Amino acid sequence: MTQNRISTDRSAAPVPLGPVAPVARMTFVILPRFNIATLITMIEPLRVANYLAPQPIYQWEILSPDGSDIPASNGLSITAQPLDDRNRRAETLFVLASWGAEDYANRDLQGWLRRQARAGARLCAVELGCYPLIQAGLLATARLATHWSWAPGIRERFPAVPLVEQLYTLDAPILTCAGGMAGVDLMLRLIADRHGEGMAGEVADQMLHQPIRPATAPQRRTPGHGSDQFSPVLRQAITLIEDTIADPLTVPDLADRLGLSQRQLERLFHRSLGCSVVQFGTLVRLQHARVLLIATKLSVREIATATGFNSLSHFASAFRKCFDRRPSDYRQGWAPTEATPSWPGTLSAYIETLRQRTTRAVRDRTTSFDVVSSSGGPSEE
């Protein structure tokens with residue numbers, strides 16, 4: 001993978017020559033299989049700020065506890081420096097991790113993070129970089145923004161950690177960031193705090209990243225999340241379905257809470273999403289189960305119970321019908337034998353499949369879809 005190596009030698013960092021303001025130092029700690037796009041989104045605003053400033057105003061370096069050649073999730077690799085004993089007081093230290101971070105355990109890193117926190121470094125957990133910080137005892141009470149798709153695993157393993165589904169948090173002394181393009185918004189906020197809104201706006205213009213999103217902006221624009229495409233009552237229905245995964249509401253109960261008749265509720269789902277209430281609720285629970293399979297040590301039976309299925313066979317049948325795989329096939333999100341991670345099945349593809357099957361069902365006068373209902377047992381499969 002030599003041809004894909006990206007060098008990050010410390011000598012490549014910008015060297016200030018009489019800056020108009022003290023140079024801010026940023027340190028990025030990366031773990032194997034990290035998301036390289038997230039790293040780039042966080043470094044580029046700093047580079048652009050240096051480009052616009054009369055003199056360089058930021059320096060950065062990339063470290064790792066796992067050697068010098070760190071593979072990213074896309075096949076590229078980054079050359080990182082080892083952890084050192086330098087006191088990073090007043091610096092911002094970002095911990096970036098993604099695939100496999102749930103099972104990553106490095107006592108040397110945990111101790112290093114605790115020492116830097118005591119010395120006065122400002123720490124930030126990026127994406128699944130929250131795991132080493134939680135393991136180091138540094139994220140016990142701070143609000144945590146992480147990528148929404150991995151939140152169920154964190155919530156199951158660390159129920160005391162307050163999760164928020166937003167782009168980033170600025171709670172002192174620990175910052176958190178959901179990753180991806182949220183990294184741009186976080187760095188622009190930090191630039192604005194240090195050098196003013198004008199500088200942050202010009203950096204955003206250079207990056208063609210407008211508008212700058214606030215910390216509390218939603219992570220998702222898919223059904224029910226941060227989108228005006230769907231009616232308020234549908235968004236409320238989706239929220240109720242997601243909030244009652246372990247003990248799903250029946251369609252009559254859901255309709256009653258929303259002040260609708262069952263017929264109105266079903267019409268709303270079919271018109272807006274192309275599927276029934278039960279079909280949508282089943283998918284939500286299966287997606288939740290898939291994260292628990294990867295991110296926790298719960299047994300398949302325990303996960304079936306945690307996602308509202310009344311039997312293991314019922315859960316296994318629904319899972320296979322939806323994803324064409326057994327639940328046990330998802331015990332690793334990215335097996336060591338695979339070149340890249342695999343996560344087949346999207347909400348939009350699932351809904352499109354429902355639409356096609358419904359069309360055929362109307363034409364052929366047969367049942368529209370064979371995913372089992374949320375309340376059904378094995379006899380109904």
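Residues numbered from 1 in each chain as written. Predicted model: local features only at pLDDT ≥ 70, side-chain atom pairs only at ≥ 80, totals over all residues. Heavy atoms only, no water.

## Digging into the overall build of the protein chain
Thought 1: Along its length, the protein chain carries 13 helices and 9 strands.
Thought 2: Taken over 381 residues, the protein chain has a buried fraction of 50%.
Thought 3: Residue pairs at least 24 apart in sequence account for 67% of intrachain contacts in the protein chain once pairs closer than 6 positions are excluded.
Thought 4: Total accessible area on the protein chain stands at roughly 17800 Å², and carbon and sulfur atoms take up 51% of it. (Helix = DSSP H or I, 4+ residues; strand = E, 2+ residues; numbered from the N terminus. Buried < 20%, exposed > 50% of the residue type's maximum accessible area, 1.4 Å probe, protein only. Contact = heavy atoms within 4.5 Å. Areas by Shrake-Rupley, 256 points an atom, 1.4 Å probe, with all protein chains shown as cover.)

## What about the pattern of salt bridges?
Thought 1: Using the criterion set out here, one finds 14 salt bridges in the structure.
Thought 2: A salt bridge links Arg88 to Asp84; the nearest nitrogen and oxygen atoms lie 2.8 Å apart. Each of the two residues, Arg88 as well as Asp84, counts as buried.
Thought 3: When the shortest N-O distance is used, the salt bridge between Glu91 and Arg88 registers 3.6 Å. Arg88 carries the same exposure label as Glu91, and that label is buried.
Thought 4: When salt bridges that share partners are traced, they join Arg25, Glu61, Asp84, Arg86, Arg88 and Glu91 into one network. (Salt bridge = Lys/Arg side-chain N within 4 Å of Asp/Glu carboxyl O.)

## Some words on the packing of helix H8 (residues 251-258) against helix H9 (residues 262-273)
Thought 1: Orientation of H8 relative to H9, taken along the N-to-C sense of each, is 95°, at an axis distance of 9 Å. The angle between H8 and H9 falls in the class roughly perpendicular. On H9, the residues that touch Val251, Pro252, Leu254, Ala255 and Leu258 of H8 are Gln262, Leu265 and Glu266. (Axes fitted to C-alpha atoms, helices over the stretch in contact; angles between N-to-C directions. Parallel < 35°, antiparallel > 145°, perpendicular 65-115°, else oblique.)

## Digging into the sheet that holds strand E7 (residues 122-127)
Thought 1: Strand order across the open sheet formed by 6 strands is E3-E2-E6-E7-E9-E8, with mixed pairing between neighbours. Two strands lie at the open edges of the sheet, namely strand E3 (58-63) and strand E8 (168-169), each paired on one side alone.
Thought 2: Two strands pair when backbone bridges link them, and strand E2 (residues 24-30) and strand E6 (residues 92-97) are joined in this way by 5 bridges, in the parallel orientation. Bridge pairing in E6 links Met26 to Thr92.
Thought 3: The sheet strands contacting helix H2 (residues 107-119) are E2, E3, E6 and E7, and the helix crosses E6 at an angle near 155°.
Thought 4: Running at roughly 140° to strand E9 (residues 174-177), helix H5 (residues 182-195) makes contact with E2, E3, E6, E7, E8 and E9 of the sheet. (Pairing = 2+ DSSP bridges.)

## What about the environment of Ala215?
Thought 1: The residue Ala215 is located in the loop between helix H6 (197-206) and helix H7 (232-243) in this model.
Thought 2: Distance from Ala215 to Thr169, taken between C-alpha atoms, is 6.1 Å for residues 46 residues apart in sequence.
Thought 3: Contact partners of Ala215, with chain neighbours within four places excluded, come to Gln166, Leu167 and Tyr168.

## Overview of a positive patch on the surface
Thought 1: On the surface, a cluster of positive charge is contributed by Arg107, Arg114, Arg115 and Arg118.
Thought 2: In this fold, Arg114 is placed in helix H2. (Patch = residues over 30% accessible without salt bridge, like charges linked within 9 Å, V, L, I, M, F, W, Y side chains within 5 Å. Lys, Arg positive; Asp, Glu negative; His and termini not counted. Charge placed at Lys NZ, Arg CZ, Asp CG, Glu CD.)

## A few points about the nonpolar core
Thought 1: Grouped together as the largest cluster of nonpolar side chains are 46 residues, with contacts concentrated most on Leu113, Cys130, Tyr131, Leu139, Leu286 and Phe315.
Thought 2: Of the residues forming this core, the biggest block, 8 residues, is contributed by helix H10 (residues 277-295).
Thought 3: Not counting chain neighbours up to four residues away, the residues in contact with Phe315 comprise Leu286, Ala289, Val300, Ile303, Ala304, Thr307, Phe309 and Pro327.
Thought 4: Grouped together as the second largest cluster of nonpolar side chains are 44 residues, Val48, Ile57, Leu188 and Leu190 included. (Core = buried A, V, L, I, M, F, W, Y, C linked by side-chain atoms within 4.5 Å.)

## Here's the deal with the packing of aromatic side chains
Thought 1: For the coordinates displayed, the defined rule picks out 7 aromatic pairs.
Thought 2: A centroid spacing of 5.3 Å and a plane angle of 55° characterise the contact between Phe309 and Phe315, whose relative ring orientation is tilted. As far as burial versus exposure is concerned, Phe309 and Phe315 are alike and both buried.
Thought 3: Judged by centre distance (4.9 Å) and plane angle (65°), the ring pair of Phe319 and Phe323 falls under edge-to-face. Placement of the pair is Phe319 and Phe323 together in helix H12 (residues 312-323), with a separation of 4 residues, close to one helical turn.
Thought 4: Among the residues examined, Phe323 registers a relative accessible area of 8% and is labelled buried.
Thought 5: These aromatic residues form a ring-pair network of at least three members: Phe309, Phe315, Phe319 and Phe323.
Thought 6: For Arg285, the ring lying beneath its charged end belongs to Phe309, and the centroid distance is 4.0 Å. (Phe/Tyr/Trp six-rings, centres within 6.5 Å; stacked < 30°, edge-to-face > 60°. Lys NZ or Arg CZ within 6 Å of the ring centre and 35° of its normal.)

## Details of unusual backbone geometry
Thought 1: That bond from Gln210 to Pro211 is cis: its omega, 0°, falls within 30 degrees of zero.
Thought 2: Turning to its location among the elements, Pro211 is positioned in the loop between H6 and H7.
Thought 3: For Arg33, which is not glycine, the phi dihedral falls at a positive 70°.
Thought 4: Inspection of the secondary structure assignment puts Arg33 in the loop between E2 and helix H1 (36-52).
Thought 5: The phi dihedral of Leu208 falls on the positive side, at around 55°, and the residue is not glycine.
Thought 6: With respect to the helices, strands and loops of the structure, Leu208 is situated in the loop between H6 and H7.

## Considering the side chain of His209
Thought 1: Relative to the helices and strands, His209 resides in the loop between H6 and H7.
Thought 2: Among the residues examined, His209 registers a relative accessible area of 13% and is labelled buried.
Thought 3: When sequence neighbours within four positions are dropped, the list of residues in contact with His209 reads Met181, Val184, Asp185, Leu188 and Ala204.

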